[in-house]
Amino acid sequence: AKPARGPNAPGHRVLIVEDNADLRGYITDIFEREGYDVVTAEDGEAGIKATRSRKPDLIITDLMMPRLSGLEMIGRIRQMPGFNSIPIVLLTAKADEGTRADVRHAGADDYLSKPFSDMELLSIVRNIFGLKKRERELQRDLEHARRIQQDLLPSSVPDLPGLDLVAIYHPMEEVGGDLYDFVEFPDGRLGVFMAD
């Protein structure tokens, strides 16, 4: 029987893609002890199939595997609609600068050099889940702010004698300040542009 979920693993499913059965079992034990729902695959091809069928919240993959390497698997997952934002941690015995660049270029969120400790691996995974949670919270806050902005907009532009008013609402994602500009028209009218 699997242990009850730990406080750091609320419903998280982790896919472990590793061709070495002993190491796959070792990593599985680490995450099952913490209460994660663990799915395993023995190579990159099986990892892609498991990603589609089991929809993991995070993938841990080896770099060097038969049939499809970890980098090739990551590249294919990053092109799969609906799956391209799954966090991926790559395990590698190669820690040289070129490999680190390849790992980042392929789209891995993080990597860990072998040999590694239980705590190192768990720490990376917890940090990634923490960042993803914060990202979701920020997205919710942004959507809430957009709704507030929409509610504050007047339903129509006021009709004031002697003034031609034009209102355009185009929300920006960037942080900005107040903007203004003046335009003097040849007929003597003054144009004022204001934005917040």
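See the structure above.
Residues numbered from 1 in each chain as written. Predicted model: local features only at pLDDT ≥ 70, side-chain atom pairs only at ≥ 80, totals over all residues. Heavy atoms only, no water.

(A) Here's a closer look at the overall build of the protein chain. What the protein chain contains, in helices and strands, is five helices and seven strands. Along the protein chain, helices (α) and strands (β) appear in the sequence β-α-β-α-β-α-β-α-β-α-β-β when read from the amino end. Per-residue burial for the protein chain yields a buried fraction of 33% across its 196 residues. Once local pairs closer than 6 in sequence are excluded, the contacts in the protein chain between residues at least 24 apart make up 56%. (Helix = DSSP H or I, 4+ residues; strand = E, 2+ residues; numbered from the N terminus. Buried < 20%, exposed > 50% of the residue type's maximum accessible area, 1.4 Å probe, protein only. Contact = heavy atoms within 4.5 Å.)

(B) The arrangement of the pattern of salt bridges in detail. Taken as a whole and judged by the stated rule, the model has 13 salt bridges. Its salt-bridge partner being K114, residue D62 comes within 2.8 Å of it at the nearest N-O pair. One end of the pair, D62, is in strand β3 (residues 58-62); the other, K114, is in the loop between β5 (110-113) and α5 (118-152), and 52 residues separate them in sequence. On the accessibility criterion, D62 (5% relative accessible area) is buried. (Salt bridge = Lys/Arg side-chain N within 4 Å of Asp/Glu carboxyl O.)

(C) Examining the pairing of strand β7 (residues 190-195) more closely. In this sheet, β7 lies alongside strand β6 (residues 179-184) in antiparallel orientation, the contact comprising six bridges. When the bridges of β7 are listed, F182 appears paired with V192. Counted along the chain from β6 to the antiparallel partner β7, the turn is five residues long, and its residue G188 has a positive phi close to 95 degrees. (Pairing = 2+ DSSP bridges.)

(D) Region of interest: the packing of helix α1 (residues 21-33) against α5. Two numbers describe how α1 lies on α5: the axes approach to 11 Å, and their chain directions differ by 60 degrees. Judged on the interaxial angle alone, α5 and α1 are oblique. As α1 packs across α5, the resulting crossing turns out to be right-handed. Contacts between α1 and α5 involve Y26, I27, I30, F31 and R33 from the first element and D118, L121, L122 and V125 from the second. Residues of the contact of α1 with α5, tallied by class, amount to seven nonpolar, no polar and two charged. (Axes fitted to C-alpha atoms, helices over the stretch in contact; angles between N-to-C directions. Parallel < 35°, antiparallel > 145°, perpendicular 65-115°, else oblique. Left-handed = near helix turned anticlockwise from the far one by under 90°. Nonpolar A, V, L, I, M, F, W, Y, C, P; charged D, E, K, R; others polar.)

(E) Seen up close, the nonpolar core. Counting residues in each nonpolar core, the largest one holds 22 residues, and the members touching the most others are L15, V17, I59, M73 and I77. Where this core is concerned, the elements lending two or more residues are β1 (13-17), β2 (37-41), α2 (44-54), α3 (70-77), β4 (88-92) and α4 (97-106). When near neighbours in sequence (up to four residues on either side) are disregarded, L15 contacts V39, T40, A41, G47, A50, T51, P56, L58, I59 and I60. Core analysis: the next-biggest nonpolar cluster, separate from the first, contains 20 residues, I16, I60, L91 and F116 among them. (Core = buried A, V, L, I, M, F, W, Y, C linked by side-chain atoms within 4.5 Å.)

(F) Examining the side chain of T92 more closely. With respect to the helices and strands, the residue T92 is situated in strand β4. Its relative accessible area of 1% is what places T92 among the buried residues. Ignoring any residue separated from it by four or fewer positions in sequence, one finds T92 in contact with L63, T99, Y111, L112, S113 and K114.

(G) Examining α2 more closely. Within α2, the full set of buried residues consists of G44, A46, G47, I48, A50 and T51. Close packing links the buried residues of α2 with β1, β2, β3 and α3. One or two steps after α2, the chain reaches K55, where phi turns positive at roughly 45 degrees.

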